[in-house]
Every structure is written in C-alpha cells, then in structure tokens.
Amino acid sequence: MSDRALRIAAAVVALGGLGVAGYLTWAHFADTSVICLSGGGCETVQESSYSEIAGIPVAALGVAAYAAILALVAWDTPAARLAAAVIALVGLLFSGYLLVLQLFVIDALCVWCVANDVVIAPALAVLTSLRLRTNA
Amino acid sequence: MAATRPAAEKRPSGLVVVLAFAVAVAAAVALVAVALFLRDDGGPTSVPTPVVDLAGIPQQGTVLGAPEAKVTLIEYADLQCPACRSYALNVFPAIVDANVRNGLVKTEFRGFPFIGSDSLKAQRFVLAAGLQNKLWQLQEALYRNQGQENEGWVTDELLRELAGEIPGLDVEKLFADAESNEVASTAETGFTEAQAAGIPGTPTFFVKIGDAAPYVLQTPSDSASLQAALDDALRG
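Remember, predicted model here, so these are calculated numbers, not experimental data.

Here is what the cut-offs are and how they apply
Numbering of residues begins from 1 in every chain and follows the order in which that chain's sequence is written. Here every chain gets a letter starting at A, and every ligand a number starting at 1, in the order they are written. Note on the predicted model: pLDDT of at least 70 is required for a residue's local features to be given, and 80 or more for side-chain atom pairs to be given and counted; whole-chain, interface and lining totals, by contrast, use all residues. With hydrogens and water stripped out, all remaining heavy atoms of the structure feed into the side-chain values. A run of H or I in DSSP becomes a helix once it reaches four residues, and a run of E becomes a strand once it reaches two; helices and strands are each numbered from the N terminus. Using a 1.4 Å probe on the protein chains alone, a residue whose accessible area is under 20% of its type maximum counts as buried, one over 50% counts as exposed, and one in between counts as partly exposed. Only heavy atoms enter the contact rule, under which two residues are in contact if any of them lie within 4.5 Å. Here the open area of atoms and residues is found with the Shrake-Rupley method and a 1.4 Å probe, where only the protein chains shown may cover a residue. The pocket and cavity definitions rest on a 1 Å grid over protein atoms only: a 1.4 Å probe that fits but cannot leave marks a cavity, an open set with protein on both sides within 12 Å along at least five of seven lines marks a pocket, and residues lining either have an atom within 4 Å of a point. Grid points are joined across faces, edges and corners, and a volume is the space filled by probe spheres set on the points. Gly is placed with the polar residues, together with every amino acid not listed as nonpolar (Ala, Val, Leu, Ile, Met, Phe, Trp, Tyr, Cys and Pro) or charged (Asp, Glu, Lys and Arg). Interaxial angles span 0 to 180 degrees and are taken between N-to-C directions of axes, which are lines fitted to C-alpha atoms, for helices over the stretch in contact. For classification purposes, angles smaller than 35 degrees are called roughly parallel, those larger than 145 roughly antiparallel, those between 65 and 115 roughly perpendicular, and all remaining angles oblique. Helix crossings are classified by the rotation of the near helix relative to the far one: an anticlockwise turn of less than a right angle makes the crossing left-handed, while a clockwise turn makes it right-handed.

1. Overview of the overall build of chain A
Point 1. Secondary structure summary: chain A contains 5 helices and 2 strands in total.
Point 2. Reading chain A from its N end, one meets helices and strands in the order α-α-β-β-α-α-α.
Point 3. Across the 136 residues of chain A, 49% fall into the buried class.
Point 4. Of the contacts formed within chain A by residues at least 6 apart in sequence, a portion of 69% connects residues at least 24 apart.
Point 5. For chain A, the accessible surface area stands at approximately 5,800 Å², while carbon and sulfur atoms represent 72% of it.

2. Looking at empty space enclosed by the protein
All names here are of chain A.
Point 1. Summed over the entire model, instances satisfying the criterion amount to 1 cavity of 30 Å³ or more.
Point 2. Counted as a void, the largest cavity has a volume near 40 Å³.
Point 3. Forming the boundary of the largest cavity are Leu72, Val73, Ala80, Arg81, Ala84, Thr128 and Arg131.
Point 4. Elements supplying a minimum of two residues to the lining of the largest cavity: helix H3 (58-75) and helix H4 (78-105).
Point 5. Per-element tally for the lining of the largest cavity: the top contributor is H4, with 3 residues.
Point 6. The residue inventory of the lining of the largest cavity, partitioned by class, reads 4 nonpolar, 1 polar and 2 charged.

3. Focus on the side chain of Gln137 of chain B
Point 1. Take Gln137 of chain B: it is sitting in helix H5 (residues 135-144).
Point 2. Apart from the residues lying within four places of it in its own chain, the contact partners of Gln137 of chain B are Leu54, Gln59 and Ile166 of chain B.

4. What about the layout of surface pockets?
Residues and elements named next belong to chain A.
Point 1. In this structure, the second largest pocket occupies an estimated 610 Å³ of space.
Point 2. Lining the second largest pocket are 35 residues, with Val58, Gly62, Phe94, Leu98 and Asn116 positioned closest to its centre.
Point 3. When contributions to the lining of the second largest pocket are tallied by element, the ones reaching two or more residues are helix H1 (3-29), helix H2 (41-46), H3, H4 and helix H5 (111-130).
Point 4. If one sorts the elements of the lining of the second largest pocket by residue count, H4 sits on top with 10 residues.
Point 5. When its residues are assigned to classes, the lining of the second largest pocket shows 25 nonpolar, 9 polar and 1 charged.

5. Observations concerning the packing of helix H4 (residues 117-130) of chain B against helix H8 (residues 181-196) of chain B
All names here are of chain B.
Point 1. With their axes 9 Å apart at the nearest point, H4 and H8 run at an angle of 120° to one another. Judged by the angle between their axes, H4 and H8 are oblique. Crossing hand, H4 versus H8: right-handed. Where H4 approaches H8, its residues Leu120, Gln123, Arg124, Leu127 and Ala128 are matched on the opposing element by Val183, Ala184, Thr186 and Ala187.

6. A word on the environment of Ala11 of chain A
Residue and element names in this part refer to chain A.
Point 1. Here Ala11 shows up in helix H1.
Point 2. Using a relative accessible area of 22% as the deciding quantity, one classes Ala11 as partly exposed.
Point 3. Put simply, Ala11 and Ala67 are 56 residues apart on the chain and 10.0 Å apart in space, counted from C-alpha to C-alpha.
Point 4. Residues contacting Ala11, with those up to four places away along its chain left out, are Leu70 and Val73.

As structure tokens, this is what we get:
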C-alpha cells in the first residue's frame with residue numbers, strides 16, 4: 001500500500017471517527033437521548049457515569065483526538081506522523097477500555113461506540129503506525 | 001543539494017518510535033486512571049416536593065390542559081430519560097404556568113419507553129394513572145425520584161409511596177390497572193408507534209395547531225426557547 005493511499009485512508013477513517021464522536025457529543029450537549037438501532041444500549045452507555053471525565057464527555061475527547069489526527073495527517077511531517085500515531089494508539093487503548101466497560105460493567109452496547117471502538121480506532125492506529133515505516 | 005532531504009524530514013528512528021509508543025501507553029493508562037478516579041457514580045438527586053402545582057388544571061387521560069386549547073404540545077418521553085427529567089423539572093413548570101393553566105395550550109404525553117424494563121414499567125403506571133386523570137402528577141413524581149437507568153429503581157414500593165402522595169389517586173386501582181392487559185397493550189402500542197414514526201430520541205416535541213398536522217420542534221434547551229415556539233404557534 002502506497003504512502004499516499006495510507007494517508008488518504010487515515011484521513012477518511014479520521015473523518016468517520018470525527019462524525020461518530022461529533023454526533024455523540026452533539027447528543028450529549030443537546031440534552032437529547034440517543035436512540036440505538038436496537039434496544040436502549042446507546043442511552044444507557046451515553047448516560048452512564050463512565051461517559052464523562054471531570055465533566056468532559058468522552059465523546060468530546062474523541063472529537064478532539066480525531067480533529068488533531070486529521071490536522072497532523074494534513075501537516076504530514078515525520079514529527080506529525082509520529083504524533084498522529086501516538087494519539088491514535090492512545091485512542092485505541094482508551095477505546096479498548098470503553099469496550100470492556102460496555103461489555104462487562106455497564107452491560108449495554110452502544111452501536112455508535114462499538115463502531116468507534118472496534119472499527120475506527122483500530123483502523124486509524126494501524127494506518128498511522130504503518131505510515132511511520134515510509135519516508136515523508 | 002536538492003537531492004538531500006533536511007534532517008527534520010527523515011522518518012523517526014526506531015528508538016524514537018518505541019519511546020513515543022511507550023508514552024502513548026502511559027498516557028492511555030493515565031487517562032483510564034483519571035477516568036476511574038473522577039467518575040461520578042451517584043444517581044440523580046431526588047427532589048422531595050412537587051416542582052409544579054397541577055391542581056385545578058383539567059386532565060383527560062394523557063392530556064393536561066383545557067380540551068378546547070388551540071395549541072397542543074406533544075412530548076414523546078421515557079420516564080428513565082435524564083433529558084426528559086431535566087425538561088420536567090426545569091422547563092415544564094414555567095410552561096404550565098404561562099400557557100396551560102390559562103387554557104391557551106394543552107400538553108399531551110406520548111410514551112416512548114425505549115431505554116429498558118424500568119421504562120416500560122413506569123410507562124404502564126403513568127398510563128394507569130391517566131385512567132384516573134392523574135398521569136401528569138405521577139409522571140412528575142417519578143421524574144423527581146428518577147434513579148440510575150435499568151437498575152430496577154421503579155419498584156412497587158416507590159410507586160406506592162409516590163402514588164400515595166397524590167391527592168385523589170386510588171393506589172389499589174392504579175396497581176390493578178397497571179397490570180391490566182389493556183394498559184400493557186397501550187404501552188407497547190405507543191412504543192411501536194413512536195418507533196414507526198421515526199422518533200429520534202427523547203424528549204421529542206411536536207406542536208399541533210387546531211386539527212392541523214403536528215410539526216416537530218427542535219428540542220428546547222430552556223423555557224424561553226420553548227415559550228417562543230409556543231408563542232409562534234398561538235399566533236399562527
């Protein structure tokens with residue numbers, strides 16, 4: 001896979017992440033309960049005590065991380081690539097923690113969150129890490 | 001000269017990458033630790049006394065307000081939904097005082113109990129209270145005492161206590177009605193109808209002017225924005 005293709009893929013995946021996290025952040029601040037495609041998992045997850053850190057919704061942290069990665073992918077210096085990969089790895093590990101919470105602690109799954117935790121965050125971590133192996 | 005890349009553009013060395021990833025892991029661990037440490041695990045704080053006085057306002061089933069009121073405010077709600085609670089405690093009282101008590105607006109409850117089993121049970125009981133034209137009092141009391149979602153907070157004890165505080169509500173009849181097939185069927189029909197109507201979440205508000213088709217309102221964040229929407233409807 002060429003570096004150009006990796007870069008485009010990383011940008012597309014980060015945009016997808018920005019969309020999901022943005023939607024969940026909007027739902028949080030709009031004081032609207034998010035509806036799931038099935039069951040009430042989204043509402044349970046989104047309103048659980050794990051959905052905020054010191055008053056900041058975790059979805060908003062996602063928005064910040066994805067926006068930062070998009071900016072770093074656009075900037076595209078070696079340092080920016082490294083920073084993007086580091087942020088994506090932090091995001092991946094934190095997503096893993098959120099997935100474990102949903103599965104074993106909150107006992108509810110939010111499809112929006114799972115899309116982020118299982119697809120978007122891992123894909124972005126792989127893409128940004130692979131780009132470290134190519135020269136700028 | 002043109003063939004030489006500046007040093008800053010070379011890819012980072014393996015050591016730098018390993019160090020950066022170690023920092024990432026440490027940062028993730030720290031983030032999780034902070035998240036767990038700062039977690040607020042308390043449920044909503046219960047409010048002991050009613051936030052709105054509904055005495056003297058006509059009620060018929062799921063509708064609060066004068067039957068002849070020109071404007072109807074329709075609310076799709078789930079009794080477990082924190083945003084619905086926020087509306088009920090912070091916005092609804094002002095709306096009642098300025099619009100419903102004077103007969104200009106009536107408001108209709110439509111249940112959308114999608115969060116879980118506590119939602120459905122609460123829904124059955126408010127519908128049963130509606131058979132005694134006390135739906136809005138019981139709904140308000142449940143919001144004031146809302147617990148953590150799906151943790152079984154809608155207990156018979158809580159319902160009995162709250163219902164007992166509502167003047168004129170026959171508690172035994174309430175329990176009998178709540179268990180009836182008729183109320184269970186109404187609750188489930190309301191759920192499927194809301195789903196079929198594509199209601200995106202709760203609370204969702206519609207305004208109906210006379211017999212015209214209802215139109216959706218953007219979820220109001222405060223009583224002023226909802227009041228402005230109702231004023232528009234009253235003029236329209």
